[in-house]
Amino acid sequence: LLMAKALISIDYTEDFVADHGKLTAGAPAQAISETINQVTRLAFERGDYIFFTIDAHEENDVFHPESKLFPPHNIIGTSGRNLFGKLAEFYQEHADDSRVFWMDKRHYSAFSGTDLDIRLRERRVDTVILTGTDICVLHTAIDAYNLGYQIEVVKPAVASIWPENHAFALGHFKNTLGAKLVDENLLEITE
Ligand code: ZN
């Protein structure tokens, strides 16, 4: 059986990236804008599935654990949920394509409370390629590991607020989750 790959584009939205974003990673996240767009297009053009998994919160959702941890962000109906930069153009151009999906999520992980796992298995996806911001990429990677997926992380298309978190996450992907770190051409980085 031919197995497929899916690029999971996690939370690259205005609230997480723009200067005015409600929970922004700021400059490090803005610095990957061109690469995250290019690598998404490359994956799409070679035939991979593309899943945008995007935080969707309600204002004053006091039962949500994040409400005690972070300021309100990615509120449904606000521009904070718009994809940042040229990635927004990619989505606009391809939103109707049968290989492109938009999935709202409530938790860090793209697998939590969504049907991402089911959709991937239906399409015989065995490898997820992760891009996006901070904590949500890490938690998605851990769930992907526990669900038995091969993991590739696009090193130049992930970003964190703090350099030490970034370094920890890259080490964890590779050494603990067995992930491949890949470059902007989706080729394995061997160091
Ligand atoms: Zn959130």
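Provided above is the structure to which this section pertains.
Residues numbered from 1 in each chain as written. Predicted model: local features only at pLDDT ≥ 70, side-chain atom pairs only at ≥ 80, totals over all residues. Heavy atoms only, no water.

Asks: Explain the pattern of salt bridges to me, please; I cannot follow it from the model alone.
Replies: Side chains that differ in charge, positive against negative, can pair when their charged atoms come close. Scanning all chains against the criterion turns up eleven salt bridges. It is possible to trace a salt-bridge network through shared partners that takes in Asp11, Asp55 and Lys105. (Salt bridge = Lys/Arg side-chain N within 4 Å of Asp/Glu carboxyl O.)

Asks: Is there a simple way to think about the packing of helix H3 (residues 33–45) against helix H4 (residues 86–94) in this case?
Replies: Angle between the axes and distance between the axes are the two parameters that describe a pair of packed helices. Interhelical geometry of H3 versus H4 gives an angle of 25° and a closest axis separation of 8 Å. When the axis of H3 is compared with that of H4, the two are roughly parallel. Across the interface between the two elements, Ser33, Glu34, Ile36, Asn37, Thr40, Arg41 and Phe44 of H3 pack against Lys86, Leu87, Glu89, Phe90, Glu93 and His94 of H4. Classifying every residue of the contact of H3 with H4 gives four nonpolar, four polar and five charged. (Axes fitted to C-alpha atoms, helices over the stretch in contact; angles between N-to-C directions. Helix = DSSP H or I, 4+ residues; strand = E, 2+ residues; numbered from the N terminus. Parallel < 35°, antiparallel > 145°, perpendicular 65-115°, else oblique. Contact = heavy atoms within 4.5 Å. Nonpolar A, V, L, I, M, F, W, Y, C, P; charged D, E, K, R; others polar.)

Asks: Please explain unusual backbone geometry as it appears in this structure.
Replies: Apart from glycine, the bulk of residues carry a negative phi angle, and the bulk of peptide bonds sit in the trans form. The phi dihedral of Asp134 is positive, around 50°, even though this residue is not glycine. By the element assignment, Asp134 lies in helix H6 (residues 134–146). If you check the backbone angles, Leu186 has positive phi at about 65° while not being a glycine. Structurally, the position occupied by Leu186 is in the segment after strand E6 (180–182). Relative accessible area serves as the criterion here: at 8%, Leu186 is assigned to the buried category. (Buried < 20%, exposed > 50% of the residue type's maximum accessible area, 1.4 Å probe, protein only.)

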